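# Chains, contacts and geometry: an overview
The primary structure of each chain is shown beneath.
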Amino acid sequence: MSAPAQQIHAIPGPNDIVRKTLPNGIVILVRSNFNSASVVISGYIAVGSQYDPPEKLGLAHYTARCLMRGTAHSSFQEMYDRLESAGASLGFGASVHTTSFGGRALSEDLPLLLSTLAESLIEPSFPVDQVNRLKSQMLTSLAIRSQSTQEMAAIEFDALLFPDHPYGRPEDGYTETISVITRRDLIDFHHTLFHPAGMVIVVVGAVHPEQVFDIVEKHFSHWKKLPPPAPPLHPVITPPQQEIVKHVVIPGKSQSDLVMGTLGPKRKDPVYLAASLGNSILGQFGLMGRIGDSVREKAGLAYYASTSLNAWRDSGSWEVSAGINPGNVARAAALITSELRRFTSELVTAEELTDNQNNYIGRMPLSLESNSGVANSILNLERFNLGLDYLQRYPSLIRAVTREQVLEAARMYIDPDNLVIVSAGPDGRTG
Amino acid sequence: MGDTIKEYILENGLKILLSEVHTAPIISHWVWYRVGSRYELPGQTGISHWVEHMQFKGTPTFPAGVLDKAISRDGGMWNAFTHLDWTTFFETVPSDKVDLALSLEADRMVNSLFDPMEVESERTVVISEREGSENDPLFLLDEAVQTAAFEEHPYKHEVIGSLADLRAISRTDLYTHYRKHYNPSNAVIAVAGNFNSAQLLEKLAAIYAQLPGQVVAPPVNGREDSQRSERKVDVYGPGETTYLQIAYHAPAAREEDFFAFTILDSLLTGPSSLNMFGGGSISNKTSRLYRRLLENEFAVSVNGSLQATYDPYLYNISITVRPEHNAETVLAQVDAELGVLLNTPVSQAEVDRAAKQARALFVYGSENITNRGFWLGYSEMFDRYDWFTRYTEKLAGVTPTDIHNIIEKYLVPDQRVVGIYHPEGERS
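All of these numbers come straight from a predicted model, not from anything done at the bench.

Calculation notes
Residues numbered from 1 in each chain as written. Chains lettered and ligands numbered in written order. Predicted model: local features only at pLDDT ≥ 70, side-chain atom pairs only at ≥ 80, totals over all residues. Heavy atoms only, no water. 1 Å grid on protein atoms, 1.4 Å probe; cavity = no way out; pocket = protein on both sides within 12 Å on 5 of 7 lines; lining within 4 Å. Points joined across faces, edges and corners; volume = space filled by probe spheres on them. Helix = DSSP H or I, 4+ residues; strand = E, 2+ residues; numbered from the N terminus. Phe/Tyr/Trp six-rings, centres within 6.5 Å; stacked < 30°, edge-to-face > 60°. Lys NZ or Arg CZ within 6 Å of the ring centre and 35° of its normal. Salt bridge = Lys/Arg side-chain N within 4 Å of Asp/Glu carboxyl O. Buried < 20%, exposed > 50% of the residue type's maximum accessible area, 1.4 Å probe, protein only. Core = buried A, V, L, I, M, F, W, Y, C linked by side-chain atoms within 4.5 Å. Contact = heavy atoms within 4.5 Å. Pairing = 2+ DSSP bridges. Axes fitted to C-alpha atoms, helices over the stretch in contact; angles between N-to-C directions. Parallel < 35°, antiparallel > 145°, perpendicular 65-115°, else oblique. Nonpolar A, V, L, I, M, F, W, Y, C, P; charged D, E, K, R; others polar. Polar contact = N/O pair within 3.5 Å; in protein donor to acceptor, adjacent residues only side chain to side chain. Expected span 1.5 Å × (residues − 1).

### Focus: empty space enclosed by the protein
All chains considered together, the criterion is met by 4 cavities of 30 Å³ or more. Volume-wise, the largest cavity comes out at about 60 Å³. As for the largest cavity, its lining consists of T262, I263, S266, P271, S272, A354, Q357, A358, L361 and L395 of chain B. Listed by contribution, the elements that provide at least two residues to the lining of the largest cavity are α9 (257-269) and α12 (348-365) of chain B. It is α12 of chain B that contributes the most residues to the lining of the largest cavity, 4 residues altogether. In this model, the second largest cavity occupies a volume close to 50 Å³. Around the second largest cavity, the lining residues are L287, G289, G292, D293 and E297 of chain A together with G65, D68 and K69 of chain B. Elements supplying a minimum of two residues to the lining of the second largest cavity: α10 (285-298) of chain A together with α2 (67-73) of chain B. Residue contributions to the lining of the second largest cavity peak at 5 residues, all from α10 of chain A.

### Some remarks on the packing of aromatic side chains
A full pass over the atoms with the stated rule returns 51 aromatic pairs over all chains. Across from the ring centre of Y364 of chain B, 5.3 Å away, lies the NZ or CZ of R104 of chain A, which sits over that ring. Sitting above the plane of the Y310 of chain B ring, R254 of chain B keeps its charged end 4.3 Å from the centroid.

### Some thoughts on the pattern of salt bridges
Opposite charge on two side chains permits them to pair, given that their charged atoms come into close proximity. Residue and element names in this part refer to chain A. The final tally for this structure, using the stated rule, is 48 salt bridges over all chains. We note a salt bridge from R19 to E382, for which the minimum N-O separation is 2.7 Å. Remark: E382 occurs in helix α14 (residues 371-383) and R19 occurs in strand β1 (residues 18-21); sequence separation between them is 363 residues. Take R19: its relative accessible area is 41%, and that puts it in the partly exposed class. In this structure, the salt-bridge partner of E217 is K20, at a minimum N-O distance of 2.8 Å. You can see E217 sitting in helix α8 (residues 209-220) and its partner K20 sitting in strand β1, a full 197 residues away along the chain. Judged by its relative accessible area of 29%, K20 falls in the partly exposed class.

### Things to note about the environment of L347 of chain A
Looking at the element boundaries, L347 of chain A is found in the loop between α11 (329-345) and α12 (350-362). For L347 of chain A and E404 of chain A, which are 57 residues apart along the polypeptide, the C-alpha to C-alpha distance reads 6.6 Å.

### A few points about the nonpolar core
Most often, soluble globular proteins have nonpolar side chains that are buried together. Ranked by internal contacts, the top residues of the largest apolar core, which has 129 residues, are L117, L121 and F220 of chain A together with W387 of chain B. Residue contacts for L121 of chain A: discarding those within four places in its chain leaves I45, L67, F92, F101, H190, F194, M199, F220 and W223 of chain A. If you look at the next biggest cluster of nonpolar residues, it comprises 76 residues, including M260, L386, I421 and A424 of chain A.

### Quick notes on the sheet that holds strand β9 (residues 302-311) of chain A
Adjacent strands of a sheet pair through backbone hydrogen bonds, lying either parallel or antiparallel. Residues and elements named next belong to chain A. Across the sheet, which stays open at both edges, the 5 strands sit in the order β7-β11-β8-β10-β9 with mixed pairing between neighbours. Two strands lie at the open edges of the sheet, namely β7 (244-249) and β9, each paired on one side alone. Strand-to-strand, the axes of this sheet are offset by a mean angle of 15°, without reference to chain direction. The pairing of β7 with strand β11 (residues 420-425) spans 6 bridges and is parallel. Following the sheet pairing, V249 is matched in β11 by G425. Against the sheet, α11 engages β8 (256-264), β10 (316-324) and β11, with an angle of about 25° to β8.

### Observations concerning the packing of α10 of chain A against helix α4 (residues 116-134) of chain B
With their axes 8 Å apart at the nearest point, α10 of chain A and α4 of chain B run at an angle of 100° to one another. Considering their axes alone, α10 of chain A and α4 of chain B lie roughly perpendicular with respect to each other. Only S121, E122 and V125 of chain B of α4 of chain B make contact with α10 of chain A, whose side of the interface consists of R296, E297 and K298 of chain A. Looking at the contact of α10 of chain A with α4 of chain B residue by residue, the classes come out as 1 nonpolar, 1 polar and 4 charged.

### Observations regarding the interface of chain A and chain B
With 66 residues of chain A at the interface, the matching set in chain B holds 72 residues. The interface formed by chain A and chain B includes 5 salt bridges. A salt bridge links R296 of chain A to E122 of chain B; its shortest N-O distance comes to 3.4 Å. Counting every contact that joins chain A to chain B gives 38 residue pairs in polar contact (both at pLDDT 80 or more). Of all elements in the fold, only α2 (76-85), β5 (99-106), α4 (128-145), α10, β9, α12, α13 (364-367) and α14 of chain A reach the threshold of two or more residues within the side of chain A that touches chain B. Residue composition of the side of chain A that touches chain B, by class: 22 nonpolar, 29 polar and 15 charged.

### A short note on α12 of chain A
Between the first and last C-alpha of α12 of chain A there are 18 Å, a value that for 13 residues agrees with the 18 Å anticipated at 1.5 Å per step. Every buried residue of α12 of chain A is listed here: E352, L353, D355, N356, Q357, N359, Y360, I361 and G362 of chain A.

### Considerations on the environment of H181 of chain B
Residue and element names in this part refer to chain B. Mapped onto the elements, H181 comes out in helix α7 (residues 171-181). A C-alpha to C-alpha distance of 34 Å links H181 and G419, two positions 238 residues apart in sequence. Here H181 is in contact with Y33, R34, V35, Y39, N186 and V216, once residues within four sequence places are set aside.

Shape is all these values report; function is a separate question.
What follows is the structure, given as structure tokens:
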């Protein structure tokens, strides 16, 4: 059925991902793709919200938003005029461990993308009017967020699951914390913490590796700074010792959002792939897996009811989320708990596991067809030190997972009697 | 995109569009039906979308719960969407797994069961989907604006339908709607990816040729008198944030004015694309309304939305107002900017820049085969498939005079709806 595919790309691997480390610690990874006329960059620096003082939560996020608001060489409008005139884009965002960036352009504009990246990271000027304007925008966003049942349920869930830990705090802060951040705070955060060691830049598209290395070296080689002090020590993360139930009241809403769950494996945990396949069976495969089948298909309680396994550097979370009519939250929570009991007491069926293994392997070409899909995959390999051959080994790693390993992973993390259960919506009706 | 597209029409009226792309071992297969909210009568709003949901609830060959898993098992991605003029179902699969997608779509084109118990279960799911939308103030505002913008045309109703109709629609209503609109004459199959056209055409012909076709006209003639004076709607709800939505009547996609309007939107609110998958976006910080509204502290965001539709629809400008201002002040600023554009024509350089941005977004979108499959059939729903092959060329031909004419003809206060969402506590 398939036509000859001489131009079809192989799965990325050591033969076509080229990696170079600069003397200042910046790691560059390049994979060429001349089937496309564009180029994508993706990466991060090793500074994130874990450095935020709690009373100034959102500082990393605010700093990231300011980077393109003016630099030593360009005003805000000049920078955006260059990018937008070329049909290019670039943006920054902060999470717990990193400040990340992503950009795209036609391939001939790679020099523009990388020079803008360098200028923004190394020499932002934090213009007073831009800093103030951004603060207003962020405060309005927080006001809007406080009305979102989905976001408020997620924020409260994280806070209860990771008390006093950066994983439990929203990276965009709160109204009271953003309000007190000053321009001096932003300048100091950047000056003290931004540094090249641990920085990763991935470039995928119609470009040659040597071309990329030349441009990155031109713009970044002079950036020499010592790594900052280590972030403050965080509490040890422990699983919930009892069931925790909370309802966030947001009046005037037609639907409540429910988030329930517990800790999950960190990305490098040996059980991660078994947990991931288990999670797919539980709440993703087909129309949202077993959870979707129970809550949506059979009970008709929700348009969306699914699971997520979030695996980070130091820990993770295993969550079930659903949008439910306020009068049905308790019923939905009971159905979900019942599914979690089944998941942690019985082996998944052989058919379920095979179906999901086939799904994981079969969808690889779909996730790798675009430059951004490839760039994100390579960035993941580097972030978690998985190895450049990981994608090529991936099918055999997936096939090796057994039903017993899935059950072991489920039992290791999910205790249906000690879940965090959060809902957000009207009237104080709880889950 | 440089695609070579092959067009075939079977005897039963089924149109097939094929575009070979051999850069990835993937095929994206789309089935489009000419049915959406434009085909709905009052009392049955939301029925097309609900029928789309029922298409996942089983046939004798693929019972409920089997359909979705079948594609996922092969590593495929699938989904379905209902819009104003169309309903579509797609599967993107590894190229050696496409046969299942072909069989599945042909089967549910005519064999969906619409089991009464599944209908009732899905009623609450669709209502749940609507309730989720109602949580968003922008949905409430958009619904009020859309209702006010049209006196007669079915475009006045949201695709999700009203709560009253969702509670009242029966199984018979749904099944009748399905049998009327789901047939080969009312459908287009569009496939992009790694296949051989002759072989794929042979498979499609074998699967579909024996199904009878019947052309279907929309029940409503679609005529709408021109609006004669400005309409205002006020929506009240929870929160602290004021939103302004200005809706102007826009040309249909197949009218020549649509392309100049696209450029105007880009100049006013920033570049946007009609890509459904991939492609990303370009920021709007050098756009006219961003500079006037955000840099002068009137607003915290501005977005423009022009849809490609069969009949004339709406051009929406949505603005999040800064707390220290009111919506009327922001509206006056928008009018001031339109006044500037009328009195000082844009330059050809500005127009060319907008056309380049559109071209870049098109290039980015073409990396994604699902997106290429999408474009093929999408443009057939309001014009012909070559609407999209000529898209960037048409944009490149727009002139400053065209922009001036668009503003004079369409962006007229008497012909717009102004909607304001007031957070509770502002009600006087």
